[in-house]
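Examining the three-dimensional arrangement
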Protein chains: 2
Amino acid sequence: MAEITSAVDGKKLLDFCVRAFVKMGVQPEDARITADVLVAANLRGIDSHGVARLARYVNGLRDGVMVAQPDTKAIHETPTTVTIDAGAGLGQPVSYRAMKQAIEKAKAYGCGFATIRNSNHYGIAGYYAMMALEEGMIGMSTTNAAVLVVPTFGRDAVYGTNPIALAVPAGQERSFVMDMATSTVPRGKLEVYHRQEKPLPLGWATDEKGVPTADAGRVLDNFAKRAGGGLLPLGGAGEEMSGHKGYGMGLMVEILSAVVPGAAFLSGVYPKDEQGKPLPANLGHFFGAWRVDAFRPAEEFEADMDRFIRELKGGALAEGATRIYVHGEKEFEEAARRAETGIPLGPKVEASLKQIAADLGLEYDL
Amino acid sequence: MAEITSAVDGKKLLDFCVRAFVKMGVQPEDARITADVLVAANLRGIDSHGVARLARYVNGLRDGVMVAQPDTKAIHETPTTVTIDAGAGLGQPVSYRAMKQAIEKAKAYGCGFATIRNSNHYGIAGYYAMMALEEGMIGMSTTNAAVLVVPTFGRDAVYGTNPIALAVPAGQERSFVMDMATSTVPRGKLEVYHRQEKPLPLGWATDEKGVPTADAGRVLDNFAKRAGGGLLPLGGAGEEMSGHKGYGMGLMVEILSAVVPGAAFLSGVYPKDEQGKPLPANLGHFFGAWRVDAFRPAEEFEADMDRFIRELKGGALAEGATRIYVHGEKEFEEAARRAETGIPLGPKVEASLKQIAADLGLEYDL
């Protein structure tokens, strides 16, 4: 039986999230930025990173693991780089402003980079990379994340799904927007297979001995118990399908996002105190912007990007295939659809939002 | 029966290559740089990109597809970026100097980037990324390449194995050096399986209909006939194992290396004239350098990189595994071995070098 869902208006959903954050003591502007990143994920069809996470942020703010009004400060700066301490605040406002700084530096010098330490979950990586598009620039963003992924030949998860996003402007065509975890699949996909009682394809995850498994419930159970195993890097287990390459991409993201700014990395993220109580996550992020016309005239570049995208999409299809995609297309199309028809909320997400409204004394008007 | 090989001294091999390039009209300094990139690949155990390719360069120079003394010039420059036209010369000397420029820009401004158009095969991507290590910087390099890889859901190869290299300095530990093609495997691996009459794992390559195949000979035959099919992106065919992510990484490299500098991309690389005669390849490359201390004190960063590497290597092993690697380790160890015992040349490579010596009237003293 299909889940009954209600589709809600994006603007109303944004407004609800803003009110929730403000109620938790977040400054209105920060609340608006954070809500916008969440709703943008829903609009783009990435529901795992949308308002389904609002409860986690509210809980984090309530428990003090996330600071509502953090003391955010630049701790190191050069003409083209800046490192920011996020003061354990929400990841979104500090990331939004850091990407703005990277863009300003790119305007002045050709390219700009910003890194952040002492932060929290920042939502979809693509949001920040796409901010560069508004200026006709190439944008990039990466973040480290909760420990879920095993290294090649390793038994235990030691790093996160560590996404990388790159956004590149085109002329007539839609921008190229890649936003991908460096694991084969995210944890949420295992949860879906578990609910549907489907076996996992071998190459998605390993059991507590570090051996590929089809048993989603076992992997999720092992996560809860920290019993070993986890998600596999892109390319799967071992080296036959080049899982060491996905592992390398994951480490690249961990280095840029966390070692470069001096955030926690590997087992250090999401620390707990001696009583097992969570401490601030100390996640790290990385942002970059390159001015296209720092390399050659922008019109030439954009015309070439159009040609690039058209040639890819116009290629001959593999047997049984119906369409060749360029990265970002699916999300742009979904965003256009959802702007019309609203954002579908599953019953679980709807219930969680209603609970937040009840807990915080907010009107639920979705 | 194992192939009988002779192990040759790296310095002698370098000298032989220099003499070959000089004989072909290449300036001595350019010859030395190019030879060094080739021999460095052999030392690191990446024999596919070593002196096995010398004949291709000699042929390219002889046929005029590669220009021995190119007119290389910067065509666009900002404080942090430069775009260079390589004048259809060898890829290595212009890439070496471009990476030097990126490093100089990083010294002055925090980071620096160089891109190149109108170039040729530049050898191993890691060579240039590793140049940053000598300055304590993070280095990056990417290049596009001959068309061999199919897009997700596509039938025909439209882009290359498009490698990405990232080099990051540590303190006591060896540097992190990732240097990987964004296809699951390179073409050379298919050739090895074909010689050994072994079936390919499904997920490496597709047949002329775009369907995964175990038949290496068929894929290689299709390459020769341009009959369709090709290597698969990291993650394999379709989306189940997230082949679209490897495809995205390949496109990222194609954009940075070729669309950004204005080189040929997709079907435009390795063009031919109306008679089917090869024209200059017009490949593109991308180089970047970030000063570590543009983000935080270098000693802190290096100490954290040491901790990062030790924690990874010290993790629990998956059942049946013997060691967890960090990227670059295998190559550093191989380089140390080969510096002692020499570089093993297979009989085919040895024969090709002897042929070059005979053709060019060089002493063969290896």
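Residues numbered from 1 in each chain as written. Chains lettered and ligands numbered in written order. Predicted model: local features only at pLDDT ≥ 70, side-chain atom pairs only at ≥ 80, totals over all residues. Heavy atoms only, no water.

**Focus: the sheet that holds strand 4 (residues 111-119) of chain A**
All names here are of chain A. In spatial order, the strands read 2-3-4-10-5-6-7; together these 7 strands make up an open sheet with mixed pairing. Where the open sheet ends on each side, the last strands, each with one partner, are strand 2 (73-77) and strand 7 (176-180). Along the sheet, successive strands turn relative to each other by an average axial angle of 15°, direction set aside. Relative to strand 10 (residues 283-291), strand 4 runs antiparallel, the two sharing 7 bridges. Paired with Gly112 across the two strands is Ala289, which belongs to strand 10. (Pairing = 2+ DSSP bridges. Helix = DSSP H or I, 4+ residues; strand = E, 2+ residues; numbered from the N terminus. Axes fitted to C-alpha atoms, helices over the stretch in contact; angles between N-to-C directions.)

**Comments concerning the packing of helix 2 (residues 28-43) of chain A against helix 4 (residues 91-109) of chain A**
All names here are of chain A. Interhelical geometry of helix 2 versus helix 4 gives an angle of 90° and a closest axis separation of 8 Å. With respect to their mutual orientation, helix 2 and helix 4 come out roughly perpendicular. Residues Glu29, Asp30, Ile33, Thr34, Val37 and Leu38 of helix 2 pack against Gln92, Pro93, Tyr96 and Arg97 of helix 4. In terms of residue class, the contact of helix 2 with helix 4 is made up of 5 nonpolar, 2 polar and 3 charged. (Parallel < 35°, antiparallel > 145°, perpendicular 65-115°, else oblique. Contact = heavy atoms within 4.5 Å. Nonpolar A, V, L, I, M, F, W, Y, C, P; charged D, E, K, R; others polar.)

**Points about the domain arrangement of chain A**
Residue and element names in this part refer to chain A. In terms of domain boundaries, chain A breaks down into domain 1 (1-63 + 342-366) and domain 2 (71-184 + 232-313). One C-alpha centre belongs to domain 1, the other to domain 2; they are set 24 Å apart. Taken together, the contact between domain 1 and domain 2 spans 17 residues of the former and 13 residues of the latter. Summing both sides of the interface, domain 1 and domain 2 together bury roughly 1300 Å²; the carbon and sulfur share of this comes to 67%. Run the count over domain 1 and domain 2 and you get 2 salt bridges. Here Arg97 and Glu29 are joined by a salt bridge, their closest N and O atoms 2.8 Å apart. Joining domain 1 to domain 2, the criterion identifies 6 residue pairs in polar contact (both at pLDDT 80 or more). If you list the elements that add at least two residues to the side of domain 1 that touches domain 2, you get helix 2 and helix 3 (54-63). Tallying contributions element by element places helix 2 first for the side of domain 1 that touches domain 2, with 9 residues. Residue classes in the side of domain 1 that touches domain 2 are distributed as 10 nonpolar, 2 polar and 5 charged. (Domains from an automatic or database assignment. Buried area = accessible area lost by both parts, 1.4 Å probe. Salt bridge = Lys/Arg side-chain N within 4 Å of Asp/Glu carboxyl O. Polar contact = N/O pair within 3.5 Å; in protein donor to acceptor, adjacent residues only side chain to side chain.)

**Side note on the side chain of Thr80 of chain A**
Take Thr80 of chain A: it is sitting in the loop between strand 2 and strand 3 (81-85). On the basis of relative accessible area, Thr80 of chain A is assigned to the buried category, the value being 0%. A distance of 3.4 Å separates a polar side-chain atom of Thr80 of chain A from the backbone nitrogen of Cys111 of chain B. Setting aside residues no more than four positions away along its own chain, Thr80 of chain A makes contact with Lys105, Tyr109, Cys111, Gly112 and Phe113 of chain A together with Thr80, Tyr109, Gly110 and Cys111 of chain B. (Buried < 20%, exposed > 50% of the residue type's maximum accessible area, 1.4 Å probe, protein only.)

**As for helix 4 of chain A**
Compared with the 27 Å implied by 1.5 Å per residue over 19 residues, the 26 Å span of helix 4 of chain A between its first and last C-alpha is a close match. Restricting attention to buried positions, one finds in helix 4 of chain A the residues Gly91, Gln92, Pro93, Val94, Ser95, Ala98, Met99, Ala102, Ile103, Lys105 and Ala106 of chain A. (Expected span 1.5 Å × (residues − 1).)

**Considerations on the pairing of strand 6 (residues 164-168) of chain B**
All names here are of chain B. For strand 6, the tally of buried residues reaches 5 of 5 residues, placing the bulk of the element in the interior. In this sheet, strand 6 lies alongside strand 5 (residues 137-143) in antiparallel orientation, the contact comprising 4 bridges. Counterpart to Met140 in the pairing with strand 6 is Leu166.

**Let's talk about the nonpolar core**
Counting residues in each nonpolar core, the largest one holds 104 residues, and the members touching the most others are Met305 and Phe308 of chain A together with Met305 and Phe308 of chain B. If near-sequence neighbours (up to four positions away) are discounted, Met305 of chain A is found in contact with Val168, Pro169, Ala170 and Phe176 of chain A together with Ile255 and Val259 of chain B. (Core = buried A, V, L, I, M, F, W, Y, C linked by side-chain atoms within 4.5 Å.)

**Quick look at the confidence of the model for chain A**
Detailed conclusions should not be drawn from predicted coordinates in areas where pLDDT is low. Across chain A, the average pLDDT comes to 96, with 99% of residues at or above 70. Predicted as a complex, the structure gets a pTM of 0.98 and an ipTM equal to 0.97. (pLDDT = per-residue confidence, 0-100.)

**Focus: the pattern of salt bridges**
All names here are of chain B. In the structure shown here, the tally under the stated rule is 59 salt bridges over all chains. Notably, a salt bridge pairs Glu77 with Lys105, separated by 3.0 Å at the nearest N-O pair. Residue Glu77 is located in strand 2 (residues 73-77), and its partner Lys105 is located in helix 4 (residues 91-109); the two are separated by 28 residues in the primary sequence. Taking relative accessible area as the criterion, Glu77 reaches 47% and is therefore assigned partly exposed. Residue Lys105 is classed as buried on the basis of its relative accessible area of 9%.

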